[in-house]
Amino acid sequence: MAFKTLAALVALVGIANAAITRKVACSDGKNVATNAACCSLFAIRDDIQTNLFDGAQCGEEVHESLRLTFHDAIGFSLSKGAAGGGGADGSLITFSDTETAFHANGGIDDIVEVQKPFIAAHNITAGDFIQFAGAVGVANCPGAPRLEFMFGRPAAKAPAPDLTIPEPFDSVDSILSRFRDAGFNTAEVVALLASHTVAAADTVDPTIPGTPFDSTPSLFDTQFFIETQLAGTSFPGNGSNQGEVESPLRGEIRLQSDSELARDSRTACLWQNFATQQTQMAAAFKEAMAKLAVLGQNRREMVDCSELIPTPPKLTTTPHFPAGVGIADVQQACEATPFPTLPSDPGPVTSVAPVCVFVQIST
Ligand code: HEM
């Protein structure tokens, strides 16, 4: 139907715009949201920033919460359908007795037990809480992207099956094929592994819990992609463990899977590209995480509450070689392009401090 006057058309556009931008006042009397369904999340966000993330830190609890987003979601299979798991549905917490016993979930019981009381205290499903906590937590890490948060996961119906989570001793073939079966292409796998820039291992070598994967585990920077390309020289702990290979720095641990992905012809150039492309890396991670966070869910039935996710602090550092290493230590794996020239930090050879590990006290 044609519009009779230009004024009528302008009025209609105005109404449509107002509908898009209108905010609702939340019943807490403090906040406004674009969708009333998001209002309940303000109190949850404040609670977890204070009491889970120690005052909006990018520490151990954020790292563990991010790992949990992945381990819950990846229990999903395009080929196996419902038998392959419900994806990002909270089953890892709802059916924690079953899923924390899976080998690949070693150490995840810590954060599962820490998150449970928050879920019990708020009206939220485990699936929503896991992804919300992950997105809020990552926003505490300088350099991180502001992740999307879609709200509305129903309660999980069943535990995920075992063997859907990649292990650090898996081959690149097996890792890429597991991710493909969950809907991710090779570039998305590399993008998701940017998560290991804010990460440490507690159980790979249990004698040295909290050993980071790069020299800056509280920054969402590109150091992980730089440092995994350096020649490994020693083990940080008691020697060779399953899924561990030599690392280039004292106090740093390297997963066999990260080492192989950095050197495989299918992934090496993607890996090397992220070594200096902070903006690209963060954007690709954001996009891949948006997909991960709704695996197995019907996105159209969910509400976009991304406005609840804080804006991450800016990164003030630039890509560099840690002190004591340089371009001569790079194991060039990308055939198309030489590794970029970077400055080496001055000073004595870098030794990386462990991430403080929290202890779950049972009463
Ligand atoms: C090839 C795929 C992957 C493998 C084999 C893998 C393996 C591992 C292993 C073995 C650990 C150490 C666990 C421990 O000993 O405490 C770890 C930590 C971690 N992973 Fe992955 N991971 C993969 C992909 C991912 C993805 C896609 C994400 C998130 C999107 C992720 C996030 C993390 C985080 C944040 C940590 C650190 C946890 C902490 O510091 O406590 N990982 N990963």
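What you see is a predicted model, and the numbers here were worked out from it, not measured in a lab.

Trainee: Sorry, what's going on with the overall build of the protein chain here?
Mentor: When helices and strands are counted, the protein chain shows 13 helices and eight strands. Taken over C-alpha atoms, the radius of gyration comes to 22 Å for the protein chain, in line with the 21 Å a tight globule of 363 residues would show. By the burial criterion, 44% of the 363 residues in the protein chain qualify as buried. Pairs at least 24 apart in sequence give 72% of the contacts found in the protein chain among residues at least 6 apart.

Trainee: For this particular structure, what's the right way to read the nonpolar core?
Mentor: Counting residues in hydrophobic clusters, the biggest one holds 86 residues, and the most contacted among them are Phe 149 and Phe 285. For this core, the leading source of residues is helix 7 (residues 126–138), giving eight residues. Residues in contact with Phe 149, not counting those within four places in the same chain, are Gln 131, Phe 132, Ala 135, Cys 305, Ser 306, Leu 308 and Ile 309.

Trainee: Help me understand the UniProt feature "binding site: Ca(2+) 1" (unreviewed entry) in the protein chain, please; the structure alone is not making it clear to me.
Mentor: Here, the residues flagged by UniProt with the feature "binding site: Ca(2+) 1" (unreviewed entry) are Asp 72, Gly 87, Asp 89 and Ser 91. The greatest C-alpha distance among the residues just named is 8.2 Å, despite their covering 20 residues of sequence, which places them together in space. Within the secondary structure layout, Gly 87 lies in the loop between helix 3 (60–73) and helix 4 (91–94). Taking the number of C-beta atoms within 10 Å as the measure of exposure, Gly 87 has 26 and is therefore buried. Within the secondary structure, Ser 91 is located in helix 4. Judged by the 26 C-beta atoms lying within 10 Å of it, Ser 91 is buried. For Ser 91, the residues in contact, after removing those within four places along its chain, are Asp 72, Gly 75, Gly 86, Glu 99, Ala 156, Ala 158, Pro 159 and Ala 160.

Trainee: Teacher, can you tell me more about the environment of Pro 354 here?
Mentor: Mapped onto the elements, Pro 354 comes out in the segment after strand 8 (303–304). In the structure, Pro 354 is positioned 153 residues away from Ala 201 in sequence and 9.6 Å away in space, judged by C-alpha atoms. Non-local contacts of Pro 354, meaning those with residues more than four positions away in its chain, are made with Gly 210, Thr 211 and Gly 251.

Trainee: When you look at the site of the ligand in this model, what are you seeing that I'm missing?
Mentor: In the vicinity of the ligand there are 25 residues, among which His 63, Ser 195, Ala 199, Ala 201 and Asp 202 approach most closely. Broken down by secondary-structure element, the contributors of at least two residues to the shell around the ligand are helix 3 and strand 4 (200–201). When grouped by side-chain class, the residues that make up the shell around the ligand number 13 nonpolar, seven polar and five charged.

Trainee: Just to check I follow, could you spell out unusual backbone geometry for this structure?
Mentor: Although it is not a glycine, Ala 56 sits at a positive phi angle of roughly 60 degrees. Judged by the 16 C-beta atoms lying within 10 Å of it, Ala 56 is partly exposed. For Leu 163, which is not glycine, the phi torsion reads 70 degrees and is therefore positive. With respect to the helices and strands, Leu 163 occurs in the loop between strand 3 (150–151) and helix 8 (172–181).

Trainee: Got a minute to help me understand the environment of Pro 319 in this structure?
Mentor: Note on placement: Pro 319 falls in the segment after strand 8. Note on Pro 319: 17 C-beta atoms within 10 Å, which makes it partly exposed.

Trainee: Hey, could you run me through helix 3 in this one?
Mentor: Because each turn of an α-helix spans 3.6 residues, side chains separated by three or four positions in sequence point in the same direction. Spanning 14 residues, helix 3 covers 20 Å between terminal C-alpha atoms, matching the ideal 20 Å at 1.5 Å per step. Summarising burial for helix 3: 13 of the 14 residues are buried, a large majority.

Trainee: Could you clarify how one ought to interpret the packing of helix 3 against helix 6 (residues 109–121) in this entry?
Mentor: Two measures define how a pair of helices packs: the angle their axes make with one another and the distance between the axes. Their axes nearest at 9 Å, the elements helix 3 and helix 6 cross at an angle of 100 degrees. Relative to helix 6, helix 3 is oriented roughly perpendicular. Between helix 3 and helix 6, the residues in contact are Glu 61, Glu 64, Ser 65 and Leu 68 and Asp 110, Ile 111 and Val 114, respectively. Of the residues belonging to the contact of helix 3 with helix 6, the class tally is three nonpolar, one polar and three charged.

Trainee: Teacher, can you tell me more about helix 7 here?
Mentor: The end-to-end C-alpha separation of helix 7 is 18 Å, in line with the 18 Å expected for 13 residues at 1.5 Å each. Among the 13 residues that make up helix 7, 13 are buried, leaving the element largely enclosed by the rest of the structure.

Trainee: In this structure, what is going on with the environment of Ala 333? I would like to understand it.
Mentor: Secondary-structure assignment places Ala 333 in the segment after strand 8. What makes Ala 333 partly exposed here is the crowd of 18 C-beta atoms within 10 Å. Taking the C-alpha atoms as reference, Ala 333 lies 5.8 Å from Ala 268; in sequence the two are 65 residues apart. If we ignore the near neighbours within four places in the chain, the residues touching Ala 333 are Gln 229, Ala 262, Arg 263 and Ala 268.

Trainee: Any chance you could explain the packing of helix 3 against helix 7 here in plain terms?
Mentor: Packing of helix 3 against helix 7 brings their axes to within 8 Å, and their N-to-C directions diverge by 140 degrees. Relative to helix 7, the element helix 3 lies oblique. Between helix 3 and helix 7 lies a crossing of left-handed hand. Along the contact surface, helix 3 presents Val 62, Ser 65, Leu 66, Leu 68, Thr 69 and Asp 72, while helix 7 presents Ile 130, Gln 131, Ala 133, Gly 134, Gly 137 and Val 138. Its residues assigned to classes, the contact of helix 3 with helix 7 comprises six nonpolar, five polar and one charged.

Rules and cut-offs
Residues numbered from 1 in each chain as written. Predicted model: local features only at pLDDT ≥ 70, side-chain atom pairs only at ≥ 80, totals over all residues. Helix = DSSP H or I, 4+ residues; strand = E, 2+ residues; numbered from the N terminus. Rg over C-alpha atoms; globule rule 2.2 N^0.38 Å. Buried ≥ 20, exposed ≤ 12 C-beta atoms within 10 Å, placed from the backbone. Contact = placed C-beta atoms within 7 Å. Core = buried A, V, L, I, M, F, W, Y, C linked by C-beta atoms within 7 Å. UniProt positions renumbered as here; feature names shortened; annotations may be inferred. Near = placed C-beta within 6 Å. Nonpolar A, V, L, I, M, F, W, Y, C, P; charged D, E, K, R; others polar. Expected span 1.5 Å × (residues − 1). Axes fitted to C-alpha atoms, helices over the stretch in contact; angles between N-to-C directions. Parallel < 35°, antiparallel > 145°, perpendicular 65-115°, else oblique. Left-handed = near helix turned anticlockwise from the far one by under 90°.

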